[in-house]
Amino acid sequence: FTQGFDGSGKFQQAFLTQVQKDYLVIHDGKLKKVSAYYEIGLLDKPINIQYTYKEYNSQDNKAYTYIDTYEFGMDQAVSKQKIWKEFDNSRLITHVLTFELGTLVSEQLTWKQVETINGVRTIVTYTDTFEFGVFTNRQKAYRMSREDSYETVIENYDPLFSEKDPISIQRVYFAFV
């Protein structure tokens, strides 16, 4: 519930739904960022905790970021992500492996490139998703200028049907009224 912003950019009327606490800990010899999320009315125990940390692997000369997510009442991570970047030809690709209860469920590859859209050079972000090893989605996202603002366009492709025609297009923008 909100009525809008006041002159300093703060909500005039709003209510708080969640609290996030961030802090650092040393665990197993690693510095980890902890993000703990609390629901209003349940501020004594977090409903979700994420541990984010980095490791360097000298064998493959890569830096990895790990994100372990725990839900209230579960004694093991419900999801773990392993993230790294590498060059592939002229692209910098971000890899994200997602595991749920120890099983690899998805891999995402994300990169940016410049394309001409409606006669304008535009930065386009691509994300390819593989679920259980099967290529299931390509997302193409970019911004376009509007008369009074910008628009973010998100096109989703299902490679099982067509890699040329999107199965959905989402347009996100704001307008001054």
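You'll find the structure just up there.
Notes on the structure follow. (Residues numbered from 1 in each chain as written. Predicted model: local features only at pLDDT ≥ 70, side-chain atom pairs only at ≥ 80, totals over all residues. Heavy atoms only, no water.)

Looking only at helices and strands, one finds 0 helices and 11 strands in the protein chain. Each helix (α) and strand (β) of the protein chain, taken in turn from the N terminus, gives the series β-β-β-β-β-β-β-β-β-β-β. C-alpha extents for the protein chain along the principal axes are approximately 55 × 50 × 30 Å. Residue burial in the protein chain is summarised as follows: out of 177 residues, 32% are buried. Long-range contacts, defined as pairs at least 24 residues apart, comprise 11% of the intrachain contacts of the protein chain with a sequence gap of at least 6. Looking at the protein chain as shown, the accessible area adds up to about 12600 Å², and 52% of this sits on carbon and sulfur atoms. Charged side chains in the protein chain number 20 positive and 24 negative. The centres of these two groups are separated by 5 Å. (Helix = DSSP H or I, 4+ residues; strand = E, 2+ residues; numbered from the N terminus. Buried < 20%, exposed > 50% of the residue type's maximum accessible area, 1.4 Å probe, protein only. Contact = heavy atoms within 4.5 Å. Areas by Shrake-Rupley, 256 points an atom, 1.4 Å probe, with all protein chains shown as cover. Lys, Arg positive; Asp, Glu negative; His and termini not counted. Charge placed at Lys NZ, Arg CZ, Asp CG, Glu CD.)

Positionally, Phe130 belongs in strand E8 (residues 120-131). Overall, the relative accessible area of 23% leaves Phe130 in the partly exposed class. For Phe130 and Asp22, which are 108 residues apart along the polypeptide, the C-alpha to C-alpha distance reads 31 Å. For Phe130, the contacting residues outside a window of four places in its chain are Val105, Ser106, Glu107, Leu109, Phe135 and Thr136.

This part is about the pattern of salt bridges. The final tally for this structure, using the stated rule, is 7 salt bridges. With a shortest N-O distance of 3.0 Å, Lys62 and Glu86 are connected by a salt bridge. Of this pair, Lys62 sits in strand E4 (residues 62-71) while Glu86 sits in strand E5 (residues 79-88), placing them 24 residues apart in sequence. When the shortest N-O distance is used, the salt bridge between Glu115 and Lys140 registers 3.4 Å. In this pair, Glu115 is assigned in strand E7 (residues 103-117) and Lys140 in strand E9 (residues 134-145), connecting sequence segments 25 residues apart. (Salt bridge = Lys/Arg side-chain N within 4 Å of Asp/Glu carboxyl O.)

What follows concerns the packing of aromatic side chains. Enumeration over the complete set of coordinates arrives at 6 aromatic pairs. Ring plane angle 40 degrees and centroid distance 6.3 Å describe the contact between Tyr64 and Tyr66, whose orientation is recorded as tilted. Classification of Tyr66 as buried rests on a relative accessible area of 18%. A connected cluster of aromatic rings, assembled from ring pairs, spans Tyr53, Tyr64, Tyr66 and Trp84. Taking the ring centre of Tyr53 as reference, the NZ or CZ of Lys32 above it sits at 4.5 Å. Sitting over the ring of Tyr64, Lys82 keeps its end group 4.5 Å from the ring centre. (Phe/Tyr/Trp six-rings, centres within 6.5 Å; stacked < 30°, edge-to-face > 60°. Lys NZ or Arg CZ within 6 Å of the ring centre and 35° of its normal.)

What follows concerns the sheet that holds E5. The 11 strands lie next to each other as E1-E2-E3-E4-E5-E6-E7-E8-E9-E10-E11, forming an open sheet whose pairing is antiparallel. Bordering the open sheet on either side are strand E1 (18-27) and strand E11 (168-173), each of which pairs with just one other strand. Strand-to-strand twist in this sheet, taken as the mean axis angle between neighbours without regard to direction, amounts to 20 degrees. The sheet contact formed by E1 and strand E2 (residues 30-39) spans 10 bridges and is antiparallel. Bridge pairing in E2 links Asp22 to Ser35. (Pairing = 2+ DSSP bridges. Axes fitted to C-alpha atoms, helices over the stretch in contact; angles between N-to-C directions.)

So, about the side chain of Thr94. Inspection of the secondary structure assignment puts Thr94 in strand E6 (residues 91-100). For Thr94, a relative accessible area of 17% gives the class buried. Side chain to side chain, Thr94 and Lys85 meet in a polar contact 2.9 Å long. Apart from the residues within four sequence positions on either side, Thr94 is in contact with Ile83, Trp84, Lys85, Gln108, Leu109 and Thr110. (Polar contact = N/O pair within 3.5 Å; in protein donor to acceptor, adjacent residues only side chain to side chain.)

Turning next to the nonpolar core. Judged by nonpolar contacts, Ile93, Leu109, Trp111, Ile117, Val124, Tyr126, Tyr142, Met144 and Val153 together constitute the single largest core of 9 residues. Secondary structure elements with two or more residues in this core: E7, E8 and E9. No other element matches the 3 residues that E7 contributes to this core. Tyr53, Tyr66, Trp84 and Leu97 belong to the second largest nonpolar core, which has 5 residues in total. (Core = buried A, V, L, I, M, F, W, Y, C linked by side-chain atoms within 4.5 Å.)

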